[in-house]
Structure formats: C-alpha cells, structure tokens
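Residue-level structural notes
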Number of protein chains: 2
Amino acid sequence: MAEKKTTRIQRQNKHRIMQAALEVFSTSGYRGATIDQIAKTAKISKSSIFYYFPSKTEIYISLLTETLEEWLEPLRVLDHDGDPADEIMKYVDRKLQMSRDNPKASRLFANEIMHGAPNISDILHGSLKQLVDEKCVIIQQWIDEGKLVSVSPYHLIFMIWAATQHYADFEVQVDAIVDECMGRDQCFDEARETLRTVFLNGLLPR
Amino acid sequence: MAEKKTTRIQRQNKHRIMQAALEVFSTSGYRGATIDQIAKTAKISKSSIFYYFPSKTEIYISLLTETLEEWLEPLRVLDHDGDPADEIMKYVDRKLQMSRDNPKASRLFANEIMHGAPNISDILHGSLKQLVDEKCVIIQQWIDEGKLVSVSPYHLIFMIWAATQHYADFEVQVDAIVDECMGRDQCFDEARETLRTVFLNGLLPR
DNA sequence: TTCATTTTTGACCGTTTGGTCCAGTTTTTA
DNA sequence: TAAAAACTGGACCAAACGGTCAAAAATGAA
C-alpha cells in the first residue's frame, strides 16, 4: 500500500507548480515550455520542481489527466429526458463559460491534440469516443422523434466544440478583431446570443 | 534596387525547404520544430538550409506570410450582391475544402495564434481586422434587408471559422471519434451537410 | 536544546539546438 | 575548357535545456 503522508507544504507547492505549469504549457505548448519558465512563474527554484515531480513529462501528463474530467463533464450531463433545445443550449452555455473562465485549460488540450495527441491518444479512442458515442445516440433519438432536424450527431457535437472553444483557443484573434471598446463580458454575451440563434433556429423543426 | 537573380536550383531548393518546414512547423509548432527535422524532411543538409535562409525564424515567418493570402482569400470573395444563402454556403464550403486539402496550413496558423500570434499580431490587427470589418458590413446589410435573421456578424464569422477549421486543427480527435470504417471523403461530406443544415436553417428567416 | 527529517537551492553535467566556417564539389559563364 | 560563381556538407561552437547532487536551511518531534 502506498504511503499517504502528504504535508501541507507538499500540497501547497505541488499546487503552485501545477498552476504555473498550466500557465506555461498552455501558452507555449509542451516543447516550448521550459522548466525554468515554470519555476520562475511558480516563484520557486528549478531544483525544487524536480523535488516534487520526477520529470517535465510527468508534470505535463498530470496536468492533462487532472483537467480532463472537468473538461468532459458538461457533455456527461446531456440528458435525453430533457427538452432538446434546453439541453443543447445548456451544453453550449457551459462550454462557452469554460472557454471564458479557464481558457488556459482549453489551449492546453488544443495544443496536445494539434500536436497529434501523443499523450492522450488512448483517452481519445477510449473514454472520449465512448462518451461521444453515447450522447450521439441521444441526439439521434431526438432526431428520430422529430424533435430535431436531421443532422449528423457527431458533426453537431464537433460544431459545438469548435464554436465554443474558439473563444479560448483563438482568444488573441478574437480580441484583435472585435471592437476594442467592447468588454470581455459583452463579447461573450454576443457570442452566446449568436450561437443560441444559429443552433436553435438551425436545429429545431417548425 | 534589389537583385533579381534567382537560379532554378534556388527556387527548387527554397520550395523544398518551405514544404518541409510546413510539414514540421505545423505538427510541432515553432519551438518544437528543429532545423535538423526540416533538413531531414527536405532531404538536404542543415548547412544548406542556412545557405538559403538566414535563420529558423525567417523560414517560419516566410511560411506564415506566404500562406496567409491564400488563407484569407475565401472571405474576400464574399459578395453583397449574391444570394446570402449561396454566399455563406460558398464560404463554408471553401473553408471546409481548405481544411481537407491543406490542414497543415491551418494548423500552422492555429499554432501561431494559440501561442499569442507574436509574429502576425500586426496583420491580425491590420489587414485581417479590416477585411473582417468590411465583410461584417455586408452581413449586417443582409440582416437589415431582412434576408438573414439578426445575429452578430463578427460572431457568425468566428463560428464559420471555428466549425470549418476544426476539421484541420483537431484532425486526430475527429479521426479518433468518427467511425474508423468511414472514409475521409464521407466524413467531410457529412460535415458539409451538417454545417449546411445548421447554418442555412439557422440564418434564413421564413 | 538536540537531532533527525523534510525542504530548498546553487553548482554542475550531458545532450540538444540554432547557427558558423570552410574546404570541397558542382554548375554557370565567357 | 578554365575561371568564377553557386552550392553542399562535415566539423565545430556557444547557448539553452532537462535533469542530478550534495550541502545548506528550515521544520518538527523529543
């Protein structure tokens, strides 16, 4: 049985390192990030980082797996018994909110996937695919029941992912293009309204 | 006046290096790419690369600027005098086609933007913003003329970008999730149909 | 206080990387 | 065909990087 002794200092420092690592990995990617950067961001020495983690890779993988569950959760709650319009907009809203509140986590995954997902390939083909498959069945049922127009459930999910995560992953591009006098909140409100209009009009039969 | 002497060998080799650089930069990002990788991919020695280009950064920036025009072109042809439904679907189709035919270019930009766009920040705020502003006026006119439902033109464009580029940038995720017995062409056909349904239903008033 | 344990850090190491140099080879030109 | 120009590649360099280590500093139990 593994020892369970984790002191307060250990938890504090591990947490500080993970925070700093998220900051650095999400903006520079795995290869672009350096331990020195993480150390400086965490205000700790490089050696101390290796006292708490065995390697750079280990920090990175810890980050990915730790963030993943939270990342998938919104899709998990998609419920067949709810109203399709409500359920879909709830999903869009939650994903959009995550892009606003934790864009770094989004960019962390985006980086990993764009580089070929070498560390989470099994998850993509495993639990992620399984979850998406499940939810696609639900969407297909809605379609069969005449509650939604006929689209490919898979590509609908991709479309929701893309449209919402865009605001996290391509934040600097969005910021460059929308009027600089527009506040962050207002930008997300407009995004929400646009997504609501397009998805609900686009998917609900009349 | 600058010299214009470019031999056949120069053009050939520069082109081969650029091809290899696109391959490597798009999969590894700027920082993750190494000159050795590019050299090996181009089947040329590292020194030869530095004979044709002064630095790694210069190769990268050349690639970005060279690919950029082609990248923006589909938006340029969006025409106010055309039918809104046709124009928007033409735009979606072309962007989707580019994601299929040249995903590496898409990932090159995605990487650059996700890392804060240090090399194309001026373009983002300059010609890109200007182009988007122009086209948003057209979309707003369509809305004012009652030809489209009321949405934010900016966020509509973001949505089209996101939904189409997703298939290039997150290719491995898409491949992991869609049925492996589905061919690439079929996948893009289904994507096209789904985007068509959602955007046209979502945007056209009735 | 004493002493063992945990934590921190600066110095150091081997490898990788962007980039240089130059001697040699090929291609162009006259 | 021979000189000049363009081109190639192996040896090399300095900086940056991931990671190690031992000694010092902080912490905690008696």
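Scope of this entry: the structure provided in the associated data block. Note that the structure is predicted; figures quoted are calculated from it, not measured.

Some details on the protein's contact with DNA strand C
Surrounding DNA strand C, one finds 18 residues, the nearest of these being R31, S47 and Y52 of chain A together with K46 and K56 of chain B. For DNA strand C, the backbone makes up 54% of the atoms found within 4 Å of the protein, where backbone means sugar plus phosphate. N13 of chain A has a polar side-chain atom sitting 3.0 Å from a phosphate oxygen of DNA strand C. Going through the elements one at a time, α1 (8–32) and α3 (46–52) of chain A together with α3 (46–52) of chain B are the ones with two or more residues in the surface near DNA strand C. Considering each element in turn, the surface near DNA strand C owes the most residues, 4 residues, to α3 of chain A.

As for the environment of P205 of chain B
All names here are of chain B. Secondary-structure assignment places P205 in the segment after α10 (184–203). Residue P205 is classed as partly exposed on the basis of its relative accessible area of 42%. Sequence separation of P205 and L148 is 57 residues, and the distance between their C-alpha atoms is 5.9 Å. Residues within four places of P205 in sequence aside, it is in contact with G146, K147, L148 and V149.

Observations concerning helix α6 (residues 103–114) of chain A
Residues and elements named next belong to chain A. With 12 residues, α6 extends 16 Å between its outermost C-alpha atoms, agreeing within 8% with the 16 Å of an ideal straight helix rising 1.5 Å per residue. Within α6, 11 of the 12 residues are buried, which leaves it mostly tucked inside the rest of the structure. With its phi angle positive at about 100°, G116 sits one or two positions after the end of α6.

Examining the side chain of T197 of chain B
Residues and elements named next belong to chain B. Here T197 lies in helix α10. A relative accessible area of 18% places T197 in the buried class. Only 2.9 Å separates the side chain of T197 from the backbone oxygen of E193, close enough to count as a polar contact.

Here's the deal with the relation of the copies chain B and chain A
After a rotation of 180° and a shift along the axis of 0.0 Å, chain B superposes on chain A with an RMSD of 0.1 Å. Both copies are brought into coincidence by an operation consistent with a two-fold rotation axis. Across chain B, the smallest distance between a C-alpha and the rotation axis is recorded for G202 of chain B, namely 1.8 Å. The fraction of interface residues of chain B whose copies in chain A are also interface residues reaches 100%, indicating that both copies meet through the same surface.

Definitions and cut-offs
Residues numbered from 1 in each chain as written. Chains lettered and ligands numbered in written order. Predicted model: local features only at pLDDT ≥ 70, side-chain atom pairs only at ≥ 80, totals over all residues. Heavy atoms only, no water. Near = heavy atom within 4 Å. Polar contact = N/O pair within 3.5 Å; in protein donor to acceptor, adjacent residues only side chain to side chain. Helix = DSSP H or I, 4+ residues; strand = E, 2+ residues; numbered from the N terminus. Buried < 20%, exposed > 50% of the residue type's maximum accessible area, 1.4 Å probe, protein only. Contact = heavy atoms within 4.5 Å. Expected span 1.5 Å × (residues − 1). Least-squares fit on C-alpha atoms with pLDDT ≥ 70 in both.

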